[in-house]
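# Descriptive structure summary
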Protein chains: 2
Amino acid sequence: MTEQPPEVPSDVAEELLGLLACGEVFGFHTLADASARSSDISQAVRLMEMAVQHYDAYVRTRQRLLDGGADADAVIASHAEPLAAYFGRTRSADEFQALVKAYVGNGIAADFVREMSAVLDEDTRDFVHDVLSAPRTDEIVVPRLRAVIARDQAKAGPLALWGRRLMGEALSQAQRVAADRPELVALIVGKADLAGFQQMMARMTTSHSERMQALGLYA
Amino acid sequence: MTEQPPEVPSDVAEELLGLLACGEVFGFHTLADASARSSDISQAVRLMEMAVQHYDAYVRTRQRLLDGGADADAVIASHAEPLAAYFGRTRSADEFQALVKAYVGNGIAADFVREMSAVLDEDTRDFVHDVLSAPRTDEIVVPRLRAVIARDQAKAGPLALWGRRLMGEALSQAQRVAADRPELVALIVGKADLAGFQQMMARMTTSHSERMQALGLYA
């Protein structure tokens, strides 16, 4: 009872791994939707393979939770609500929105988890970064959308709007996660360190702008 | 040049394996959609696992095509159009339509390929049947939909209508496959053997009715 608590409680690692695993399920849904909306079968197959990489990431992360003695499914389920809300409010209407969501939307989610993983021990952090390193949706989405927009400039405006909406909905749900788990956020941004939080948001916004630019869209 | 052709030309096996592999991609899309529309995460995960079984079936079937010396991707792509047309015309609007499509729609497609596989050599036919044996969507869909309909009888009518529409669209695309590949159909139903074709349709209709009844719906 008199032991010093570890610098980062193990349940923070558990929380983040739970969020990561749950995010991989929604990453799977996003890629599978982009696959289903593909107008040619070879792109559909490549996106299906990327969806399965999200599934594999889910399985690995769940296994790590189990290995750490966690009630993995309960921890994962506890993160479903804000992710489901984001997903439900950003249903794609066509192939191009689905592709932007796969690259830009999943990119924001990965940035968020990567930022939060900074407080974890090195081994867990490396694991999280490794899980987040796949799939490389940019390899399909960037050339495909650049070609589409080059042929039809009128698509750029609505897709730029869509990208901004994805960012807005993601931030709105991230705030909800933060409000529901103040102890987690306090640990991550440092107690009363508003500057740290603002810097994190600035990094995420920069990273989002870079992805939008890669597509030839205004963030 | 004077050799007797084999009873069933090997390109028929190739055609059917191509149709099967392509069907598994669309099976993946259907299960992934049902997963994405699930209102709880544990059902979403189980349906995601079933979607991945379709992916695994696609990989196995494509490998078998490659092992047989086929230009697998070209053969698979040649079947995409009617399947994409079926898929595009039967987009689910909610979780329940998605579940019916996963069970009833994919069931019709599997029956069709199973029927056509009757003309193949035993080894290939066994392979096709084995590939078609998973996933067991009934294990999720039947109890879930029966419970939903028991709670709200008003859902039964629209879902029965949806099930009949899936059958209608599937038959319409099957006729297109038949019209595009008369030599395949001639081989399968026996030349000028209309009775054989009608029997096959009768078996498929019976099997469809059994699935609808399992859900407590009128076929």
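## Some remarks on the overall build of chain A
Of the regular secondary structure elements, chain A holds ten helices and zero strands. For chain A, the N- to C-terminal ordering of α and β elements is α-α-α-α-α-α-α-α-α-α. Considered along the principal axes of its C-alpha atoms, chain A spans approximately 70 × 35 × 25 Å. A buried classification covers 43% of the 219 residues belonging to chain A. A separation threshold of at least 6 residues defines the contact pool for chain A, and within that pool the share at least 24 residues apart is 78%.

## A short note on the relation of the copies chain B and chain A
Each copy of the sequence occupies a distinct position, and chain B is placed on chain A by a rotation of 180° and an axial shift of 0.0 Å, giving an RMSD of 0.0 Å. When the rotation and shift are considered jointly, the pair of chain copies conforms to a two-fold rotation axis.

## As for the nonpolar core
Ranked by internal contacts, the top residues of the largest apolar core, which has 120 residues, are Met48 and Ala51 of chain A together with Met48 and Ala51 of chain B. In this structure, Ala51 of chain B is in contact with Ala32 of chain A together with Phe28, Leu31, Ala32 and Ser35 of chain B, ignoring residues within four places of it in sequence.

## A short note on the packing of helix 5 (residues 95-116) of chain B against helix 8 (residues 156-180) of chain B
Residues and elements named next belong to chain B. The contact between helix 5 and helix 8 brings their axes to 10 Å, and the two run at 35°. Here helix 5 and helix 8 pass one another in a crossing that is right-handed. Residues Phe96, Gln97, Val100, Lys101, Val104, Gly105, Ile108, Ala109 and Phe112 of helix 5 touch helix 8, and the partners they reach there are Leu159, Trp162, Gly163, Leu166, Met167, Ala170 and Ala174. Among the residues forming the contact of helix 5 with helix 8, the class breakdown is twelve nonpolar, three polar and one charged.

## Notes on the interface of chain B and chain A
A common way to state how big an interface is: give the accessible area lost once the parts meet. Listed per partner, the contact involves 19 residues of chain B and 19 residues of chain A. Contributions of two or more residues to the side of chain B that touches chain A are made by helix 1 (10-36), helix 2 (41-67) and helix 3 (72-77) of chain B. With eight residues, helix 2 of chain B is the largest single contributor of residues to the side of chain B that touches chain A. For the side of chain B that touches chain A, the class distribution of residues is 14 nonpolar, three polar and two charged.

## Here we look at the confidence of the model for chain A
All names here are of chain A. Model confidence for chain A is summarised by a mean pLDDT of 90, while 92% of its residues fall at 70 or above. In the model, residues 1-6 has pLDDT below 50 throughout and makes zero contacts with residues more than four positions away in sequence or in other chains. Reported for the predicted complex are a pTM of 0.92 and an ipTM of 0.91.

## Some details on helix 2 of chain B
The terminal C-alpha atoms of helix 2 of chain B, which comprises 27 residues, lie 39 Å apart, in line with the 39 Å expected from a rise of 1.5 Å per residue. Of the residues flanking the end of helix 2 of chain B, it is Gly69 of chain B, one or two places downstream, whose phi is positive at about 85°.

## Digging into the environment of Ser172 of chain B
Residues and elements named next belong to chain B. Relative to the helices and strands, Ser172 is located in helix 8. Residue classification places Ser172 among the partly exposed residues on the basis of 13 C-beta atoms within 10 Å. Between the alpha carbons of Ser172 and Ala85 there is a distance of 9.9 Å; along the sequence they are 87 residues apart.

## Some remarks on the packing of helix 4 (residues 80-89) of chain B against helix 8 of chain B
Packed helices, taken two at a time, are described by their axes: the angle between them and the distance between them. Residue and element names in this part refer to chain B. Two elements in contact, helix 4 and helix 8, have axes whose closest approach is 9 Å; the angle formed by their N-to-C orientations is 165°. Here helix 4 is positioned roughly antiparallel relative to helix 8, judged by the angle of their axes. In the packing of helix 4 onto helix 8, the handedness of the crossing is right-handed. The segment helix 4 lies against helix 8, with Pro82, Ala85, Tyr86 and Arg89 engaging Glu169, Ala170, Gln173, Arg176 and Val177. Here the residues of the contact of helix 4 with helix 8 are counted per class, giving five nonpolar, one polar and three charged.

## Side note on the environment of Ser78 of chain A
Here Ser78 of chain A lies in the loop between helix 3 (72-77) and helix 4 (80-89). Sequence-wise, Ser78 of chain A and Glu15 of chain A are 63 residues apart; in three dimensions their C-alpha atoms are separated by 9.1 Å.

## With respect to the environment of Phe87 of chain B
Residue and element names in this part refer to chain B. One can find Phe87 in helix 4. Linking Phe87 and Lys101, residues 14 residues apart in sequence, is a C-alpha distance of 9.9 Å. Not counting the four nearest positions on each side in its chain, Phe87 is found in contact with Phe26 and His29.

Reading guide: rules and limits
- Per chain, residues are indexed from 1 in the order of the written sequence.
- By the order in which they are written, chains take letters starting at A while ligands take numbers starting at 1.
- Predicted model: local features are reported for residues with pLDDT of at least 70 only, side-chain atom pairs are reported and counted for 80 or more only, and whole-chain, interface and lining totals are derived from all residues.
- For the purposes of this entry, the term helix denotes a DSSP run of H or I that reaches at least four residues, the term strand denotes a run of E that reaches at least two, and both are numbered from the N terminus.
- Once C-beta atoms are placed from the backbone, each residue is buried if 20 or more other C-beta atoms lie within 10 Å of its own, exposed if 12 or fewer, and partly exposed for counts between those two.
- We call two residues in contact whenever the C-beta atoms placed from their backbones are within 7 Å.
- Least-squares superposition aligns the copies on the C-alpha atoms of those residues with pLDDT at or above 70 in both.
- What makes a nonpolar core is a set of buried Ala, Val, Leu, Ile, Met, Phe, Trp, Tyr and Cys residues, with links drawn between C-beta atoms within 7 Å.
- Lines are fitted to the C-alpha atoms to define the axes, a helix being fitted only along its stretch in contact, and any angle between axes, read from their N-to-C directions, falls within 0 to 180 degrees.
- The handedness criterion is simple: a crossing whose near helix is rotated anticlockwise from the far helix by less than a right angle is left-handed, and one whose near helix is rotated clockwise is right-handed.
- Ten residue types, Ala, Val, Leu, Ile, Met, Phe, Trp, Tyr, Cys and Pro, are classed as nonpolar, four, Asp, Glu, Lys and Arg, as charged, and the remainder, Gly among them, as polar.
- Confidence per residue, as judged by the predictor, is encoded in pLDDT with a range of 0 to 100.
- Expected span, for any helix, means 1.5 Å times one less than how many residues it has.
- Each angle receives one of four descriptions, namely roughly parallel if under 35 degrees, roughly antiparallel if over 145, roughly perpendicular if within 65 to 115, and oblique otherwise.

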